[in-house]
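# Commentary on secondary and tertiary structure
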Amino acid sequence: MTTTEPASLELRSLEVTIDQHQILHDINLHILPGEMFVLLGGAGSGKSTLLRAIAGLDPLGGGEIWIDDREITGSAVDRRSTALMLQTFPLWAHMSVAKNVAFGLRQQRLGRSRVRALVEQELALFGLGDFYYHLPWQLNPSQQQRVALARTLISNAQIKLLDEPFSALDARLRERLAGALKKRQLQSATTILLTTQDRNEAMRIADRIALLHEGALQQVGAPMELYDNPCNRFVAEYMGSANLIDGEIEYAGDQPLFRTVNDIVIPLFDDVIKRSRTGSAMFRPHDLLLVGRDQAPFGDQIRLNGRVEQTEFLGDILRYCIDIAGEVVWLDLARGAGHPNLNIGDQIVVGIDPARIRILDN
């Protein structure tokens, strides 16, 4: 495994316009040395364009790119100290797997035995040890993608740019190799900017996540921060299952209340809530608790009566759709935690700590 001195990557007011269509809008990011930074977003959000712009393949309409204290905005592709794995993972068709991977070492002037040892180590990490002499056409797409990933990671570029590096893998292999990549990154202190559409993958491996939508950054932070404290509805829904109830904030004296469109009133405990603000009350399905009707109140817990409308089996989770006075919410209960099984039509009481409720702009 090769190592390089970890470097920072900074994007300042980056904009990209292609064919008179603006793809990226005012992108500002500071990626720390040795950080696994994940750019998360759906198809067409601008993730690939951002990586191509950093690598110098797509021209900028504005902004600057810095690696440590060196501006590379106008630098040639081969002088940027970046290595890009394209989403199409092209390989040299006339080269064996080993020679494709060794191509990433071409500028390091290493001895033949050292190159072979590094290549074998990289291939073994990604389950390709038996394909050393194979040509690309003899590999399936999953194997080809892993060769391209190994070739990118083995290089001594300061910044590794990985565009959906697991997209051709099945779910089981994808999970295993994502873990292997994270372990490798921690051991080598490599700075990696990786793109994915998969929020679970992002939350599993990222030190920080930037969520991109229609070319604009929505929120940047640690995975737990985006999940627990989303800044808007889009972030809340992209990062996981979310209960979102539309309504408006009102006050009874100094007590903020959230009144839903169906006139359910939920007390809030947030001193910074704006008065006369419309939005959505957001909480996760696991934030709701199943409450026994005779159970004594606990703290400031809000209690609501509801009816089970739908049930879903999710392995270790049982998910229930609950109708609460015309508002539909989801309740997650862990299997084996002593909860009774609920059936469609059951009348239940659910509770929630108001501290778990976030008011989001629509």
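One can find the structure itself at the top, above this paragraph.
Below: a short report on this structure. This is a predicted model, so every value here is computed, not measured. Each residue is numbered by its place in its chain's sequence as written, counting from 1. Reporting of local features is limited, given that this is a predicted model, to residues whose pLDDT is at least 70; pairs of side-chain atoms are given and counted only at 80 or more, and all residues count toward the totals for whole chains, interfaces and linings. Side-chain numbers here rest on the full set of heavy atoms in the structure, without hydrogens or water.

Between N-to-C directions, angles span 0 to 180 degrees; the directions come from axes that are lines fitted to C-alpha atoms, helices contributing only their stretch in contact. Numbered from the N terminus, helices here are DSSP runs of H or I no shorter than four residues, and strands are runs of E no shorter than two. Direction vectors running N to C along helix 4 (residues 141-154) and helix 5 (residues 171-188) enclose 5°, while the axes themselves pass 13 Å from each other. One finds that helix 4 runs roughly parallel with respect to helix 5. Between helix 4 and helix 5, the contacting residues are S142, R146, L153 and I154 on the first element and L173, L177, L181 and R184 on the second. When residues are grouped by polarity, Ala, Val, Leu, Ile, Met, Phe, Trp, Tyr, Cys and Pro land in nonpolar, Asp, Glu, Lys and Arg in charged, and all others, Gly among them, in polar. By residue class, the composition of the contact of helix 4 with helix 5 is five nonpolar, one polar and two charged. Note that the term roughly parallel is reserved for angles under 35 degrees, roughly antiparallel for angles over 145, roughly perpendicular for angles of 65 to 115, and oblique for everything else. Here a residue-residue contact requires only that any non-hydrogen atoms of the pair lie within 4.5 Å.

Let's shift gears to the environment of E309. Tracing the chain through its elements places E309 in strand 16 (residues 302-313). Any residue under 20% of the maximum accessible area for its type is buried, any over 50% is exposed, and the rest in between are partly exposed; the area is computed with a 1.4 Å probe on protein chains only. Residue classification places E309 among the partly exposed positions, given a relative accessible area of 34%. Along the sequence, E309 and P256 sit 53 residues apart, while their C-alpha atoms lie 30 Å from each other. Pairs of N or O atoms are called polar contacts if they sit within 3.5 Å, as long as, within protein, a hydrogen donor faces a hydrogen acceptor (for residues adjacent in sequence, only side-chain-to-side-chain pairs). Side chain to side chain, E309 and R307 meet in a polar contact 2.7 Å long.

For this analysis, a salt bridge means a side-chain nitrogen from Lys or Arg found within 4 Å of a carboxyl oxygen belonging to Asp or Glu. Within the structure shown, the criterion is met by 16 salt bridges. Here E10 makes a salt bridge to R12, at a shortest N to O gap of 3.3 Å. Here E10 falls in the partly exposed class, since its relative accessible area comes to 24%. The exposure class of R12 is partly exposed, given its relative accessible area of 32%. One salt bridge in this structure joins R259 and E250, with 2.9 Å as the shortest N-O distance. By relative accessible area, which is 31% here, R259 ends up partly exposed. The network of salt bridges with common partners includes E10, R12 and E64.

Here the focus is the pairing of strand 16. Two strands qualify as a pair provided DSSP detects at least 2 bridges between them. Where strand 16 lies against strand 19 (residues 347-352), six bridges are found, and the strand directions are antiparallel. Residue pairing for strand 19: N305 is matched across the bridge by V349. In this antiparallel pair of consecutive strands, strand 16 and strand 17 (residues 317-324), the connection spans three residues, and G315 shows a positive phi of 80°.

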